[in-house]
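What follows is the residue order along each chain.
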Amino acid sequence: MDYYLDLLEADILEVTGSERIKLLISEYGVWPDRAEQVMPNGQTHSVLRTDQTHNWASSLSTADFIFRMLQRPSIGGANYHSVRAGPWALIDMEDGQLYPTAIHEMFSLLNRHATSQVIPVEINEPDSGGKLPSLGAVAFATDDGLKLAVFNKHPRATREISLDLGDPMVLTEVEVLHHPDPEARNTAAGKTVAPRILPSAN
């Protein structure tokens, strides 16, 4: 996708001589696999899998997309598909009860910390071996400091992160959204995927 965005940005610059025209991504989300469903008449019907669009793995994939778009000045906005439609859901329903999905928890976490002042972040991964980076990050400036969001793109691999803030920066809070199972998803019975505050040593 970034390849085509690069082309669009280059076209805009060539035609207008500036970067004043912004791009709007009208719809994005994880596209699930299809599964065979047996209908009441005994016939099989191909349907989109509802367990792949708002589980923990899809939350990471969606976060990866958001972080990449936040660091592109050409992107004026992007709309997630959708609050609840088909297999996609920020809010889902089970036995008549609404509940927030893992995707909802990811958006809520980002919404609590994101600001309009986006600062691009470069990550040094000396052990990446020429592969695509396994970590993503973006920073937000606030009135009284800086908020740094870092995430592991790979749902099955653990990563050790080291932060050297330097003076006069002081770590005041760490909030984490994590689950060891990529297929984990929330249900009406409770939140399996939910953020938590970690103690920080100042």
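Residues numbered from 1 in each chain as written. Predicted model: local features only at pLDDT ≥ 70, side-chain atom pairs only at ≥ 80, totals over all residues. Heavy atoms only, no water.

Visitor: Before we go on, may I ask you to explain the packing of aromatic side chains in this structure?
Guide: Note on aromatic pairs: each is described by the distance of the centres and the angle between the planes. Under the criterion given, the structure shown has 6 aromatic pairs. Ring centres of W31 and W88 lie 5.3 Å apart, and the angle between their planes is 45°; on these two criteria the pair is classed as tilted. Remark: W88 occurs in strand β6 (residues 88-89) and W31 occurs in the loop between β1 (23-28) and β2 (34-38); sequence separation between them is 57 residues. Overall, W31 belongs to the exposed group, its relative accessible area being 62%. Members of the aromatic cluster, connected to one another through ring pairs, are Y28, F65, Y80 and F107. (Phe/Tyr/Trp six-rings, centres within 6.5 Å; stacked < 30°, edge-to-face > 60°. Helix = DSSP H or I, 4+ residues; strand = E, 2+ residues; numbered from the N terminus. Buried < 20%, exposed > 50% of the residue type's maximum accessible area, 1.4 Å probe, protein only.)

Visitor: Sorry, what's going on with the packing of helix α2 (residues 56-70) against helix α3 (residues 102-113) here?
Guide: Think of two packed helices as two axes; the pair is described by the angle between the axes and how far apart they sit. As a packed pair, α2 and α3 sit with axes 8 Å apart at the nearest point and diverge in direction by 35°. Regarding α2 and α3, the two cross each other, and that crossing is right-handed. Residue-level contacts link W56, S58, S59, T62, A63, I66 and F67 of α2 to A102, I103, M106, F107 and L110 of α3. (Axes fitted to C-alpha atoms, helices over the stretch in contact; angles between N-to-C directions. Left-handed = near helix turned anticlockwise from the far one by under 90°. Contact = heavy atoms within 4.5 Å.)

Visitor: Would you explain unusual backbone geometry in this entry?
Guide: Trans peptide bonds make up the majority, and among non-glycine residues the majority have a negative phi. Residue S82 follows H81 across a cis peptide bond; omega there is -15°. By the element assignment, S82 lies in the loop between β4 (75-80) and β5 (84-85). Positive phi, close to 55°, is recorded for D95, a residue that is not glycine. Overall, D95 belongs to the exposed group, its relative accessible area being 79%.

Visitor: Explain the sheet that holds strand β10 (residues 135-142) here, please?
Guide: Strand order in this open sheet of 3 strands is β9-β10-β11, and the pairing throughout is antiparallel. Looking at the sheet topology across the chains shown, the edges are occupied by β9 (118-119) and β11 (145-152). Here β10 runs beside β11; their pairing, made up of 8 bridges, is antiparallel. When the sheet's bridge partners are listed, F140 is paired in β11 with K147. (Pairing = 2+ DSSP bridges.)

Visitor: It is not clear to me how the confidence of the model for the chain should be interpreted in this structure. Could you clarify?
Guide: It should be kept in mind that the predicted coordinates are not to be read in detail where pLDDT is low. When the pLDDT values of the chain are averaged, the result is 87; 94% of them are 70 or greater. Of all secondary-structure elements in the chain, the lowest mean pLDDT belongs to β2, at 86, while strand β8 (residues 97-100) reaches the highest, 95. (pLDDT = per-residue confidence, 0-100.)

Visitor: Teacher, can you tell me more about the nonpolar core here?
Guide: Core analysis: the largest hydrophobic core is formed by 29 residues, its most contacted members being I66 and F67. For this core, the elements supplying multiple residues, two or more each, are α1 (2-16), β1, α2, β4, α3, β10 and β11. Of the residues forming this core, the biggest block, 7 residues, is contributed by α2. When near neighbours in sequence (up to four residues on either side) are disregarded, I66 contacts Y28, M106, F107 and L110. (Core = buried A, V, L, I, M, F, W, Y, C linked by side-chain atoms within 4.5 Å.)

Visitor: I keep staring at the side chain of S58 and nothing clicks. Help me out?
Guide: Secondary-structure assignment places S58 in helix α2. Residue S58 is classed as buried on the basis of its relative accessible area, which comes to 2%. When neighbours within four sequence positions are excluded, S58 is seen to be in contact with V30, Q52, T53 and I103.

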